[in-house]
Amino acid sequence: SLTASLSRNVPSLERGYAHNEYVPEQIGHRQGTGEMVVFDLRTTGLGPRFVDVAPWLGAPDETLSTGHTTVELADHYLQQYLDAGGHPVSLDSLMSETHMLWQASTVAGLNGLYDQAMNGVGPSKGKDEAQSVGRDRLLRDLAQLFGTLPKR
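Rules of the game
- Residues numbered from 1 in each chain as written.
- Predicted model: local features only at pLDDT ≥ 70, side-chain atom pairs only at ≥ 80, totals over all residues.
- Heavy atoms only, no water.
- Helix = DSSP H or I, 4+ residues; strand = E, 2+ residues; numbered from the N terminus.
- Buried < 20%, exposed > 50% of the residue type's maximum accessible area, 1.4 Å probe, protein only.
- Axes fitted to C-alpha atoms, helices over the stretch in contact; angles between N-to-C directions.
- Parallel < 35°, antiparallel > 145°, perpendicular 65-115°, else oblique.
- Left-handed = near helix turned anticlockwise from the far one by under 90°.
- Contact = heavy atoms within 4.5 Å.
- Nonpolar A, V, L, I, M, F, W, Y, C, P; charged D, E, K, R; others polar.
- Core = buried A, V, L, I, M, F, W, Y, C linked by side-chain atoms within 4.5 Å.

Visitor: Requested: an account of the overall build of the chain, with residues and values cited.
Guide: Across its full length, the chain holds five helices and four strands. Shown N-terminal to C-terminal, the secondary structure of the chain runs as helices and strands in the order α-β-β-β-β-α-α-α-α. In terms of its C-alpha atoms, the chain occupies a principal-axis envelope of roughly 50 × 50 × 30 Å. Within the chain, the fraction of its 152 residues that count as buried is 34%.

Put into structure tokens, the structure is as follows:
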């Protein structure tokens, strides 16, 4: 039911220009000026407007190690978004959209984690280590997803 809901709702989210891999490994700073630079622009294009911040704002609070709640981070992000010329959006809408995008991204990654857990395919050293890392991440991601589902 989660994937059915996501497949209905994610395509209807407002679109914007997105990097689609906005992670620490893709960001740097110029020496001297400190200006932020974003690398690897091959994945940029139109997509859900908040997809780049969904891993931080849409994830459950207990998954973050920032010392801030997702609502605190979202409130700060929303102020920066509006200051930069973004269209007004409520905090509730931002939280709802990023949570949905986090869920969709997590669901999309399950197949790769399953393959890593079963076959040892992955970036780790050796098949056994790759399987162990894959199993740990698969169990973590499934537990986080199940934890976000409505209680019956």
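Visitor: Describe the packing of helix α3 (residues 70–83) against helix α4 (residues 91–119), with residues and values.
Guide: Contact geometry of α3 with α4 gives a least axis separation of 10 Å together with a crossing angle of 115°. One way to sum up the angle between α3 and α4 is to call them roughly perpendicular. Seen along the crossing, α3 lies across α4 with a hand that is right-handed. For the pair α3 and α4, the contacting residues are T70, V71, A74, D75, Y77 and L78 in the first and L91, L94 and M95 in the second. The class makeup of the residues in the contact of α3 with α4 is seven nonpolar, one polar and one charged.

Visitor: Give a detailed account of the environment of I27, specifying residues and quantitative values.
Guide: In this fold, I27 is placed in strand β2 (residues 27–29). Residues within four places of I27 in sequence aside, it is in contact with Y22, M36, V37 and F39.

Visitor: Break down the nonpolar core for me, with residues and values.
Guide: Ranked by size, the top nonpolar core spans 23 residues in total, and within it F50, L94 and L101 carry the most contacts. Residue assignment for this core shows that the elements contributing at least two residues are α1 (2–9), α2 (54–57), α3, α4 and α5 (127–148). Ignoring sequence-local partners within four residues, the contact set of L101 consists of V10, L13, P48, F50, V51 and A54.

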